[in-house]
Amino acid sequence: MNLSLENELIENYTFSEIKLGQSARLLRTLTLEDIQAFAAVSGDTNPAHLDSVYASDSLFHGVIAHGMWSGALISALLGTQFPGPGTIYQDQALHFVKPVRVGDTLTVTVTVTALNPENKSVELDCRVFNQRGELVLSGVAKVLAPTNKVRLPRVVAPQIQLFDPQSRFNQLLALGEKLEAVRCAVVHPCDAGSLSGAMDAARYGLIVPVLIGPEVRIRHVAAEADIDLTGIEILNVPHSHAAAEKAADMAAAWEIEMLMKGSLHTDELIHAVLAKPALRTGRRMSHVFRFDVPLYHKPLLITDAALNIRPTLQEKVDIIQNAIDFARVLGVAEPKVAILSAVETVNPGIPSTLDAAALCKMAERGQITGGVLDGPLAFDNAISLQAAQIKNIESTVAGHADILAVPDLESGNMLAKQLEYLAGASGSGIVLGARVPIALTSRADGPSNRVASALLALLVAHNARRDHPRPIW
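No experiment lies behind these values; they were computed from the predicted model shown. (Residues numbered from 1 in each chain as written. Predicted model: local features only at pLDDT ≥ 70, side-chain atom pairs only at ≥ 80, totals over all residues. Heavy atoms only, no water.)

Participant: Even after reading the chapter, I still don't get the layout of surface pockets, so can you show me in this structure?
Facilitator: By rolling a water-sized probe across the atoms, one finds the places where empty space is left. In this structure, the second largest pocket encloses a volume near 700 Å³. In this structure, the second largest pocket is lined by 31 residues; those nearest its centre are T266, A306, K417, T441 and S442. Of all elements in the fold, only helix 10 (266–274), strand 12 (286–292), helix 15 (409–421), strand 17 (426–432) and helix 16 (447–464) reach the threshold of two or more residues within the lining of the second largest pocket. Residue classes in the lining of the second largest pocket are distributed as 12 nonpolar, 13 polar and six charged. (1 Å grid on protein atoms, 1.4 Å probe; cavity = no way out; pocket = protein on both sides within 12 Å on 5 of 7 lines; lining within 4 Å. Points joined across faces, edges and corners; volume = space filled by probe spheres on them. Helix = DSSP H or I, 4+ residues; strand = E, 2+ residues; numbered from the N terminus. Nonpolar A, V, L, I, M, F, W, Y, C, P; charged D, E, K, R; others polar.)

Participant: Would you mind showing me how to read unusual backbone geometry here?
Facilitator: Among all residues save glycine, negative phi is the norm, and among peptide bonds the norm is trans. Put simply, F82 and P83 share a cis peptide bond, and its omega is 0 degrees. Tracing the chain through its elements places P83 in the loop between helix 5 (67–80) and strand 3 (88–96). Note the cis peptide between T303 and D304, where omega equals -10 degrees. Examined against the element boundaries, D304 turns out to sit in the loop between strand 13 (300–303) and helix 11 (313–329). Even without being glycine, H61 reaches a positive phi, approximately 55 degrees. As for its placement among the helices and strands, H61 is situated in the loop between helix 4 (52–56) and helix 5.

Participant: What should I look at first to understand empty space enclosed by the protein in this one?
Facilitator: Scanning the model with the defined rule gives three cavities of 30 Å³ or more in all. Within this model, the largest cavity holds a volume of roughly 100 Å³. The leading source of residues in the lining of the largest cavity is helix 12 (residues 351–364), at four residues. Looking at the lining of the largest cavity residue by residue, the classes come out as 10 nonpolar, two polar and four charged.

Participant: Explain the pattern of salt bridges to me, please; I cannot follow it from the model alone.
Facilitator: Opposite charge on two side chains makes pairing possible when the charged atoms of those side chains draw close. The tally for this structure, following the rule as stated, stands at 21 salt bridges. Of the charged contacts, one joins K149 and E11 as a salt bridge, the two residues approaching to 3.1 Å between their closest N and O atoms. In this pair, K149 sits in the loop between strand 6 (135–144) and strand 7 (151–153) while E11 sits in strand 1 (residues 9–11), placing the two residues 138 residues apart along the sequence. Overall, the relative accessible area of 42% leaves K149 in the partly exposed class. Residue K298 is joined to D402 by a salt bridge in which the shortest nitrogen-to-oxygen separation is 2.9 Å. Pair noted here: K298 is in the loop between strand 12 and strand 13 and D402 is in the loop between helix 14 (385–390) and strand 16 (403–405), with a separation of 104 residues, a long-range link. Take D402: its relative accessible area is 7%, and that puts it in the buried class. (Salt bridge = Lys/Arg side-chain N within 4 Å of Asp/Glu carboxyl O. Buried < 20%, exposed > 50% of the residue type's maximum accessible area, 1.4 Å probe, protein only.)

Participant: Teacher, can you tell me more about the nonpolar core here?
Facilitator: Grouped burial of nonpolar side chains is what soluble globular proteins tend to show. Ranked by internal contacts, the top residues of the largest apolar core, which has 55 residues, are L206, I207, L229, M260, I320, F326 and L373. The element that contributes the greatest number of residues to this core is helix 16, accounting for 10 residues. In contact with I207, other than residues within four places in its own chain, are A181, V182, C184, V186, A198, A201, A202, M258, M260 and A454. Grouped together as the second largest cluster of nonpolar side chains are 29 residues, L30, A55, L78 and L124 included. (Core = buried A, V, L, I, M, F, W, Y, C linked by side-chain atoms within 4.5 Å. Contact = heavy atoms within 4.5 Å.)

Participant: Explain the state of the cysteines to me, please; I cannot follow it from the model alone.
Facilitator: Two cysteines form a disulfide when their sulfur atoms are joined by a covalent bond. Applying the stated criterion across every chain yields a total of zero disulfides. Take C184: it sits in no disulfide, and the sulfur closest to it among the cysteines is that of C190, at 15 Å. (Disulfide = S-S within 2.5 Å.)

In C-alpha cells, the structure reads:
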C-alpha cells in the first residue's frame, strides 16, 4: 500500500465556495497498461486499442486510447478535486478532437461557466490538451455541487493486475522466430488434442512432424477433428508401445531431433528412451515446467514435478543442473534457484532442508554450475522479497527466483497445478537430460500450451546442435 497516498487528505468545494471562472486541472500520462486496464474494466476490446498490427493499418496508424478514457479523467478531476467528494454528475457532453497515444501527457482542465443557486448545480467547460498543447477533447459538464464541507483521507484505489496470456505467448514464440523447424517424432497422436497440438506447432514453423502410430486411427481422429494431414509423414505402427520404440530408434539414429508426447502414458515414452544407450547423456532425466504467472514479474521454472518421484540428493544435483542449463537456453544469464522446503531454516526433522543446505554447498564447490542457489527457502520468501525481509532473510535469490526446485514430485505437481488453476498461470513443459528434448504435454493442455512446449523443445534442440553434428537425412 502507498502510505503517502493513504495519509493524504482531500477536501471538497461546496457550492457556496465556487465562483464563476474558477478552475482546476489534472495531469496524467497514458501508458499501455492504462489502455489494457480500461479494456478489461469496460469490456471494450476494439483492436484499434489493443492490436498493434491491426491499428497500424487504421486511420490513426497505431494504437490509440479509448476516447472515454480521456473522458474518465474529467470525471476523476470533478470527483476528487473540484468540486470534489459529494459531487453528483447530471450531464456530460464530449467532443473528441484528436487521438491520444501511449506516452501522451494530458492536462485536464475544468472551468466554471454557470452557477444555479436554486438547485446548487454547476456548469463547467472541460478541455483536455496533450503535451504539445493540442486540444484532444472538449465538452461541458453539469454537476450538483456538494453542500456539506468534507475533508477525508484519500482512498487508495484497488490495484489491477494485468495479465495478457496472448502477449506472453507471443513473447515466448519470439524466442524461436529465427530458428529453423526441426524434425519431431510425434508419438502416438491418437486423440484430437495431441494431434492438433502437433499440427499447430508445425503451422507456427516450430517442427516438421513425423506422426508415429496406427495410421488408420490417426487419420480417423484427423477427420473427426477436421485436421488437414496433407503432406504429413505418417509411420504406421500397431500400438503406443511400438510407437514409443520407433520414436526412440529414430532419435538414436539422429533421424529426428525432438520427441513430442501424444496420447500415451509418460512412463511408456520415457521407458523407451531410457532403453536406448545412445540417448543417454550420463545425467538424470528430469522435467521442467515453464510458467507465466500473472502475479510474478518474470517466467518461472519448476522442477521436477512430473518425472522423478522422490529424488535422492545426487539426483537433485542433475535435476537442478538440467534446469539451470535450460534457463540459460531461454536467455537467463545466471539463473537464481530457490530450493524449496516447508521452512527456510535447516531442520534435521525435515530431510528436504538438509538436501537444500547440501546442494548450496555443492554449488559453492563447483558441483553445480551456472546459477545462484539458495535454500532451504519456503515458497513465500522464495517468490516474495517482502516476505523474505519480514523474516530477515538476506538472499540474492529470495523474491527473484527463476527456478523453484521442489522436494519431490508430489509437492511440485501440486504447486504447478495450483499455479495453473488458482493463479491463472499459463504453462508448458519439457523433459531434459536425454540427447533429444521431449515436449511433454498433458491431456488437459490447451493448444497454446502444446505449442509452447514445442517451442521450448525447439530451443533446446538448436542449442544441442553446437555439441553434435547436424543430422543429414
